[in-house]
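# Fold and contact review
One-letter residues, chain by chain:
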Amino acid sequence: MILQIEGQLVEGKFRKRLNRFEAIVNIDGVDNLVHVPNTGRLKELLVDDAAVLVRKFDNSNRKTQFGLLLVKTFKSRLLKHLNI
């Protein structure tokens, strides 16, 4: 299966989850508020310093500039898409 993702993709490091919909991700040394599209707990995936991929949005109407898209799991060396 091939996923086509529109928009700029940016690598970052997961810092912490604030609530069901928001998290902090460090991108280029700066902590950013990001939207978490999956409201599940995901505690086994969203661990401190986990490598993540976020999508950058150029929409000034959004509360966050980034959306959390993928997280790299260290057990399986796979990227897990958070919207699926």
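Residues numbered from 1 in each chain as written. Predicted model: local features only at pLDDT ≥ 70, side-chain atom pairs only at ≥ 80, totals over all residues. Heavy atoms only, no water.

## So, the overall build of the protein chain
Within the protein chain, the regular secondary structure consists of 0 helices and 6 strands. The burial tally for the protein chain puts 35% of its 84 residues in the buried class. Restricting the contact set of the protein chain to residue pairs at least 6 apart, pairs at least 24 apart contribute 44%. Put simply, the protein chain shows about 6000 Å² of open surface, and 48% of that area lies on carbon and sulfur atoms. (Helix = DSSP H or I, 4+ residues; strand = E, 2+ residues; numbered from the N terminus. Buried < 20%, exposed > 50% of the residue type's maximum accessible area, 1.4 Å probe, protein only. Contact = heavy atoms within 4.5 Å. Areas by Shrake-Rupley, 256 points an atom, 1.4 Å probe, with all protein chains shown as cover.)

## Topic: the pattern of salt bridges
Under the defined criterion, the tally for this structure stands at 3 salt bridges. Here Asp-31 and Arg-15 are joined by a salt bridge, their closest N and O atoms 4.0 Å apart. Of this pair, Asp-31 sits in strand 3 (residues 30-35) while Arg-15 sits in strand 1 (residues 8-17), placing them 16 residues apart in sequence. Relative accessible area serves as the criterion here: at 49%, Asp-31 is assigned to the partly exposed category. Here Arg-15 falls in the partly exposed class, since its relative accessible area comes to 30%. Between Arg-15 and Asp-49 there is a salt bridge, with the nearest N and O atoms lying 2.1 Å from each other. Residue Arg-15 is found in strand 1, and its partner Asp-49 is found in the loop between strand 3 and strand 4 (51-56); the two are separated by 34 residues along the sequence. Where salt bridges share partners, they join Arg-15, Asp-31 and Asp-49 into one cluster. (Salt bridge = Lys/Arg side-chain N within 4 Å of Asp/Glu carboxyl O.)

## Some thoughts on the nonpolar core
Phe-14, Val-25, Val-34, Val-52, Val-54 and Leu-68 are the most contacted members of the largest nonpolar core, which has 16 residues in total. Looking at this core, the elements that each hand over two or more residues are strand 1, strand 2 (22-27), strand 4 and strand 5 (66-72). Apart from residues lying up to four places away in sequence, Val-34 is in contact with Phe-21, Glu-22, Ala-23, Val-25, Val-54, Thr-64, Phe-66 and Leu-68. (Core = buried A, V, L, I, M, F, W, Y, C linked by side-chain atoms within 4.5 Å.)

## A word on unusual backbone geometry
With a phi close to 55°, Asp-28 is a non-glycine residue in the positive phi region. Note that Asp-28 resides in the loop between strand 2 and strand 3. Judged by its relative accessible area of 75%, Asp-28 is exposed. Backbone geometry places Asp-49, a non-glycine residue, at a positive phi of 70°. Take Asp-49: its relative accessible area is 36%, and that puts it in the partly exposed class.

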